[in-house]
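What follows is each chain in one-letter form.
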Amino acid sequence: MKISGRTIKRRLYGLRNLPADLKRARYFRGHGVHSPFVYAIVRQVFMRSTLIAKSDTALFDALTDRGISARRAVQLQNIMIHCGYTSFGIDCADDDTMRYDFAVATLDVPAERLEAMAAKASAEGATICIMSPWYDRRRDEACRAIIAKHRCTDIDNRGYLLLFNNYLPKQSFRL
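Read on for a plain summary of the structure. Everything quoted here is computed from the prediction, not taken from an experiment.

1. Some points on the pattern of salt bridges
- Applying the stated criterion to the full structure yields six salt bridges.
- For Arg137, the salt bridge identified is with Glu141, shortest N-O distance 3.3 Å. With a gap of four residues between them, Arg137 and Glu141 both fall in helix H7 (residues 137-149), about one helical turn apart.
- In this structure Arg137 comes out as exposed when scored by relative accessible area, which is 67%.
- The salt bridge partner of Arg174 is Asp156, with a shortest N-O separation of 3.3 Å. Residue Arg174 is located in strand E6 (residues 171-174), and its partner Asp156 is located in strand E4 (residues 153-156); the two are separated by 18 residues in the primary sequence.

2. Examining the packing of aromatic side chains
- Throughout the structure, instances matching the rule amount to three aromatic pairs.
- Between Phe37 and Phe164, the ring centres sit 5.0 Å apart and the planes meet at 85°, which makes this aromatic pair edge-to-face. Highlighted residues: Phe37 in helix H3 (residues 36-46) and Phe164 in the loop between strand E5 (160-163) and E6, separated in sequence by 127 residues.
- Here Phe164 falls in the buried class, since its relative accessible area comes to 0%.
- Measuring from centroid to centroid gives 5.7 Å for Tyr85 and Phe102, while their planes differ by 15°, and the two rings are stacked. In this pair, Tyr85 is assigned in the loop between helix H5 (70-83) and strand E1 (88-90) and Phe102 in strand E2 (residues 102-105), connecting sequence segments 17 residues apart. Accessibility assignment for this pair places Tyr85 and Phe102 in one class, buried.
- One residue, Arg144, lies across the ring of Trp134, its end atom 5.4 Å from the ring centre.

3. Points about the sheet that holds E6
- Read across the open sheet, the six strands follow the order E1-E2-E3-E5-E4-E6; overall the sheet is mixed. Pairing within the sheet leaves two strands with one partner each, and these edge strands are E1 and E6. Geometrically, the sheet is characterised by an average inter-axis angle of 15° between neighbouring strands, direction not taken into account.
- Pairing of E2 with strand E3 (residues 127-131), which is carried by four bridges, proceeds in the parallel orientation. When the sheet's bridge partners are listed, Val104 is paired in E3 with Cys129.
- Along the sheet face, helix H4 (residues 58-65) touches E1 and E2 and points at about 0° away from the line of E1.

Conventions used here
Residues numbered from 1 in each chain as written. Predicted model: local features only at pLDDT ≥ 70, side-chain atom pairs only at ≥ 80, totals over all residues. Heavy atoms only, no water. Salt bridge = Lys/Arg side-chain N within 4 Å of Asp/Glu carboxyl O. Helix = DSSP H or I, 4+ residues; strand = E, 2+ residues; numbered from the N terminus. Buried < 20%, exposed > 50% of the residue type's maximum accessible area, 1.4 Å probe, protein only. Phe/Tyr/Trp six-rings, centres within 6.5 Å; stacked < 30°, edge-to-face > 60°. Lys NZ or Arg CZ within 6 Å of the ring centre and 35° of its normal. Pairing = 2+ DSSP bridges. Axes fitted to C-alpha atoms, helices over the stretch in contact; angles between N-to-C directions. Contact = heavy atoms within 4.5 Å.

So, to be careful, I would describe these as geometric facts and stop short of saying anything about function.
Okay, structure coming up:
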């Protein structure tokens, strides 16, 4: 008997994402993150809705001009300030060398170029941010391959994937 006109199957349809949501629930507000570096990023960068320094907004302005949401642009600008990076590049996949501390790959960079961009960033010791890493199947496969080869810490924040090339051991965080 139908009470509301919807069958039981339709009522339970929303529960199909429950396992993925439960896996990520342990990282809510930084709980369960056992790396002081990543914990500081979660607490001081991801949980902040305003810019750390109002004077330095070059990355924020460049990202918002390219159509990135203000919330994501604030987070990336705060990561740049928090980590002490001085230079950045956006969609710099065609550069021969990575001349930046922080590189951002938007959806304009094709999935085939992401792996080469990540390899250049790793060789130069730069941090790379891949926007919308799970946008489509090719981009998803490319990002999974990059994470498998990556030798340092990576953070998946659903909206972008951060690949740090620093002294930290290989760790993967999905927030």
